[in-house]
Amino acid sequence: MKKFNLKLAKGGAKVCTKSGKEVRILAFDRKSNSFPIVALIENIKLCCYTLEGKFYLDKDSDNDLRLL
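Thresholds applied
Residues numbered from 1 in each chain as written. Predicted model: local features only at pLDDT ≥ 70, side-chain atom pairs only at ≥ 80, totals over all residues. Heavy atoms only, no water. Helix = DSSP H or I, 4+ residues; strand = E, 2+ residues; numbered from the N terminus. Buried < 20%, exposed > 50% of the residue type's maximum accessible area, 1.4 Å probe, protein only. Core = buried A, V, L, I, M, F, W, Y, C linked by side-chain atoms within 4.5 Å. Contact = heavy atoms within 4.5 Å. Salt bridge = Lys/Arg side-chain N within 4 Å of Asp/Glu carboxyl O. Pairing = 2+ DSSP bridges. Polar contact = N/O pair within 3.5 Å; in protein donor to acceptor, adjacent residues only side chain to side chain.

S.K.: Can you tell me about the overall build of the protein, naming the residues and giving the values?
M.R.: For the protein, the count of helices and strands is one helix and six strands. Ordered by position in the sequence, the α and β elements of the protein form the string β-α-β-β-β-β-β. Taken along the three principal axes of its C-alpha coordinates, the protein extends 25 × 25 × 25 Å. Out of the 68 residues in the protein, the part that is buried amounts to 34%.

The following block contains the structure:
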């Protein structure tokens with residue numbers, strides 16, 4: 001896995017969580033200053049992320065985004 005890269009993700013690069021779960025990004029432009037990325041984890045759990053692919057602003061999470 002590689003560090004999340006917004007430009008590559010917008011270009012269609014495969015995305016997963018830090019723990020290896022499949023992620024499908026639905027939107028990059030949600031009206032939110034903190035969490036504009038909307039994604040589905042394993043086609044079940046709907047989550048929002050920072051532009052850096054972080055699940056939380058102030059700590060790391062197994063749900064943080066990575067590139068495959």
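Still more ground to cover, so stick around.
S.K.: Outline the nonpolar core, supporting the account with residue identities and numerical values.
M.R.: Listed in full, the twelve residues of the largest apolar core are Phe4, Ala9, Val15, Val23, Ile37, Ala39, Ile41, Cys47, Tyr49, Phe55, Leu65 and Leu67. Mapped by element, the contributors of at least two residues to this core are strand E4 (37-41), strand E5 (45-49) and strand E6 (65-67). Per-element accounting of this core gives the leading share, three residues, to E4. Beyond its immediate chain neighbours, meaning those up to four positions away, Leu65 contacts Phe4, Val15, Cys16, Val23, Ile25, Tyr49 and Gly53.

S.K.: For the pattern of salt bridges, give the residues involved together with the corresponding values.
M.R.: Counted according to the given criterion, the structure contains two salt bridges. In this structure, Lys54 engages Asp60 in a salt bridge whose closest nitrogen and oxygen atoms are separated by 2.5 Å. In this structure Lys54 comes out as partly exposed when scored by relative accessible area, which is 22%. Overall, Asp60 belongs to the exposed group, its relative accessible area being 55%. What emerges from the salt-bridge pattern is a single network uniting Lys54, Asp60 and Asp64.

S.K.: Quick one: what's the story with the sheet that holds E4, residue by residue and with numbers?
M.R.: Across the sheet, which stays open at both edges, the six strands sit in the order E1-E6-E2-E3-E4-E5 with antiparallel pairing between neighbours. The open sheet is flanked by strand E1 (2-3) and E5, the only strands paired with a single partner. Pairing analysis gives five bridges linking E4 to E5, with the strands arranged antiparallel. From the neighbouring strand, Ala39 faces E5, where its bridge partner is Cys47.

S.K.: Provide a residue-level description of the side chain of Asp64, including the pertinent values.
M.R.: Inspection of the secondary structure puts Asp64 in the loop between E5 and E6. Look at Asp64 and you get buried, because its relative accessible area is 1%. A polar contact is formed between the side chain of Asp64 and the backbone nitrogen of Phe55, at a distance of 2.9 Å. Other than its neighbours up to four places away in sequence, Asp64 contacts Cys16, Thr17, Lys18, Tyr49, Gly53, Lys54, Phe55 and Tyr56.

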